[in-house]
Amino acid sequence: MKILVTGAAGFIAGYLVEELLEAGHEVIGLDNYSKYGPIDHSYDQHPRYRLVRGDAKDVALLTELLRGCDHFVAGAAIIGGISLFHEKAYDLIAENERITAAAFDAAIAGFNGGQGSLRKITVVSSSMVFESCDEFPTPEGAERRCPPPASTYGFQKLATEYFAQGAWEQYTLPYTIVRPFNCVGIGEKRAVGDHEVMSGNVKLAMSHVVPDLVQKVLKGQDPLHLLGDGRQVRHYTYGGDLARGIRLAVEHPDATNEDFNLSTDVSTTVLELAELIWTKVRGKDEPFRYVSDPPFPHDVQRRVPDVSKARRVLGFEATTSLSESLDEIIPWIDQQIKVGGI
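As a starting point, this report considers the structure included with it. (Residues numbered from 1 in each chain as written. Predicted model: local features only at pLDDT ≥ 70, side-chain atom pairs only at ≥ 80, totals over all residues. Heavy atoms only, no water.)

## Remarks on the sheet that holds strand E13 (residues 258-262)
Then comes step 1: What the seven strands build is an open sheet, ordered E3-E2-E1-E4-E5-E6-E13; its pairing is parallel. With one partner strand each, in any of the chains shown, strand E3 (49-53) and E13 form the two edges of the open sheet. Shown here is a sheet whose adjacent strand axes are inclined to one another by a mean of 15°, direction ignored.
Then comes step 2: Bridging between strand E4 (residues 71-74) and strand E5 (residues 120-124) involves four bridges; their strand directions are parallel. Across the sheet, Val 73 pairs through a bridge with Thr 122, a residue of E5.
Then comes step 3: Each of E4 and E5 touches helix H4 (residues 89-111); the most contacted strand, E5, lies at about 165° to it.
Then comes step 4: Lying over the sheet, helix H5 (residues 152-171) contacts E5 and strand E6 (175-180), oriented at roughly 170° with respect to E6. (Pairing = 2+ DSSP bridges. Helix = DSSP H or I, 4+ residues; strand = E, 2+ residues; numbered from the N terminus. Axes fitted to C-alpha atoms, helices over the stretch in contact; angles between N-to-C directions. Contact = heavy atoms within 4.5 Å.)

As structure tokens, this is what we get:
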């Protein structure tokens, strides 16, 4: 198939584009480099890949790129760590809403009531739609039963799912919604707009938990500074696994007009994550020491997905353990520290 992917220079998309190309698809990527700036990927010169530098809010450009495309993965968004949720609370909802509206305007035109080439739009939502849920493990559908997300980012991601509903009801545009949970992997670098903050004695320019903790341990911080008490529960899912899940959701006929939680089924507390990183970097003989710093607002305490639907419908399971992911991530971050990429 021929597939348009927006946000193609982003973190998850770096895994997704490679996954789609390896599966034999032709991919057009769109990105304006607003997050990381120009970056290189191993597949940049692939004969079935074309990267276009442009704005995902440009409906005319999107409509042009969608001509002849079978699928559209709408992945472009302003996104960052937990600190961004209050630093750019307005931009996260306003800009992402514009991006979402542009994507659906173009997709509706590309589908053209079933007369165009476009068969479906796959919407990259977020686990943050479940921000206010207290149903665990959290199944698909709970986002409509629980209170709305408290953060503007979570609320806007929920809005993207309503866009999908509306485009189907009014224009019969088929859709699939995918919700990644806590993606981890390589490629998550210092963003262009990030400003540096101190965490203990280490200066950081991000607030994603895995790269932040790895940096602090590599730089010798002792005791290790954690945001909050460390009891926050997450499901850290390897980017390669997520990419496979998204590809399956794009391809599978039974994914049409369905939504899927894409995640590992393994719960890990921030404290367990920190101790695992500490041990991998410093060894088992170095006692693990930590202190708790005040958490950011909107730091969800528990995020545990029900992944049975993706397993049942798509045949998808995340198979890469957190330990295996860290064996790839830690050396990469170490190298990025040396070259100034993080």
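## A closer look at the state of the cysteines
Then comes step 1: Inspection of the entire model under this criterion finds one disulfide.
Then comes step 2: Paired through a disulfide, Cys 133 and Cys 146 show a sulfur-sulfur distance of 2.3 Å. Handedness here is read from the sign of the S-S torsion; for Cys 133 and Cys 146, about -55°, the answer is left-handed. Taken as a pair, Cys 133 in the loop between E5 and H5 and Cys 146 in the loop between E5 and H5 lie far apart in primary sequence, 13 residues in all. When sorted by exposure, Cys 133 lands in the same class as Cys 146, which is buried. (Disulfide = S-S within 2.5 Å. Buried < 20%, exposed > 50% of the residue type's maximum accessible area, 1.4 Å probe, protein only.)

## Some words on the pattern of salt bridges
Then comes step 1: Tallying each qualifying case throughout the model produces 20 salt bridges.
Then comes step 2: The closest approach of N and O atoms between Asp 241 and Arg 244, which form a salt bridge, is 3.1 Å. Placement of the pair is Asp 241 and Arg 244 together in helix H7 (residues 239-251), with a separation of three residues, close to one helical turn.
Then comes step 3: What makes Asp 241 buried here is its relative accessible area of 4%.
Then comes step 4: Classification of Arg 244 as partly exposed rests on a relative accessible area of 21%.
Then comes step 5: By sharing partners, the salt bridges in this structure join Glu 143, Glu 161, Arg 179, Glu 258, Asp 259 and Lys 309 into a single network. (Salt bridge = Lys/Arg side-chain N within 4 Å of Asp/Glu carboxyl O.)

## Digging into the nonpolar core
Then comes step 1: Val 5, Leu 262 and Leu 314 are the most contacted members of the largest nonpolar core, which has 35 residues in total.
Then comes step 2: Every element with two or more residues in this core is listed here: strand E1 (2-6), helix H1 (11-22), H7, E13 and helix H9 (308-314).
Then comes step 3: Excluding its chain neighbours within four sequence positions, the residues that come into contact with Val 5 are Ala 13, Leu 16, Val 17, Leu 20, Val 27, Ile 28, Gly 29, Leu 30 and Val 73.
Then comes step 4: With 28 residues, the next largest nonpolar core counts Ile 28, Phe 72, Ala 102 and Leu 118 among its residues. (Core = buried A, V, L, I, M, F, W, Y, C linked by side-chain atoms within 4.5 Å.)

## Some words on the packing of H1 against H7
Then comes step 1: Look at H1 against H7: their axes get within 8 Å of each other, and the N-to-C directions meet at 55°. With respect to H7, the axis of H1 lies oblique. Crossing angle aside, the handedness with which H1 passes H7 is right-handed. Contacts between H1 and H7 involve Ile 12, Tyr 15, Leu 16, Glu 19 and Leu 20 from the first element and Gly 239, Gly 240, Leu 242, Ala 243, Arg 244, Ile 246 and Arg 247 from the second.
Then comes step 2: Class assignment of the residues belonging to the contact of H1 with H7 gives a composition of seven nonpolar, two polar and three charged. (Parallel < 35°, antiparallel > 145°, perpendicular 65-115°, else oblique. Left-handed = near helix turned anticlockwise from the far one by under 90°. Nonpolar A, V, L, I, M, F, W, Y, C, P; charged D, E, K, R; others polar.)

## Concerning the packing of aromatic side chains
Then comes step 1: Scanning the entire structure with this criterion turns up seven aromatic pairs.
Then comes step 2: Taking the centre distance of 5.7 Å and the plane angle of 35° together, the rings of Phe 104 and Phe 163 count as tilted. With Phe 104 in helix H4 and Phe 163 in helix H5, this residue pair connects regions lying 59 residues apart in the sequence.
Then comes step 3: Exposure remark for Phe 104: the relative accessible area of 4% places this residue in the buried category.
Then comes step 4: Note on Phe 163: relative accessible area 25%, which makes it partly exposed.
Then comes step 5: Between Phe 130 and Phe 181, the aromatic rings sit 6.2 Å apart at their centres with planes inclined by 25°, giving stacked as the arrangement. With a gap of 51 residues between them, Phe 130 in the loop between E5 and H5 and Phe 181 in the loop between E6 and strand E7 (183-184) connect regions that are remote in the sequence. Both residues of the pair, Phe 130 and Phe 181, belong to the buried class.
Then comes step 6: An aromatic cluster of three or more residues is present, and its members are Phe 11, Tyr 15 and Tyr 238. (Phe/Tyr/Trp six-rings, centres within 6.5 Å; stacked < 30°, edge-to-face > 60°.)

## A closer look at helix H2 (residues 59-66)
Given 3.6 residues per turn, any residue in an α-helix points the same way as the ones three and four places further on.
Then comes step 1: Turning to H2, its buried residues are Leu 62, Leu 65 and Leu 66. For H2, the arc enclosing every buried residue in end-on projection is 100°, short of the 170-degree limit, so these residues lie on one face.
Then comes step 2: Residues of H2 that are buried in the fold lie against E1, strand E2 (26-31), E3, E4 and H4.
Then comes step 3: Two or three places before Ala 60, at the opening of H2, Asp 58 has a side-chain oxygen 3.2 Å from that residue's backbone nitrogen. (Arc of directions from axis to C-beta. Polar contact = N/O pair within 3.5 Å; in protein donor to acceptor, adjacent residues only side chain to side chain.)

## Quick look at the pairing of E6
Then comes step 1: Of all six residues in E6, six are buried; the element is thus mostly enclosed.
Then comes step 2: Residues Tyr 175, Ile 177 and Arg 179 of E6 are buried on one face, and the alternating residues Thr 176, Val 178 and Pro 180, pointing to the opposite face, are buried as well.
Then comes step 3: Note: E5 against E6, four bridges, orientation parallel. Bridge assignment links Val 124 to a residue of E6, and that residue is Val 178.
Then comes step 4: Of the crossover connections in this fold, the one passing from E5 over H5 to the parallel E6 is right-handed. (Right-handed = clockwise from strand over helix to strand, strands pointing away.)

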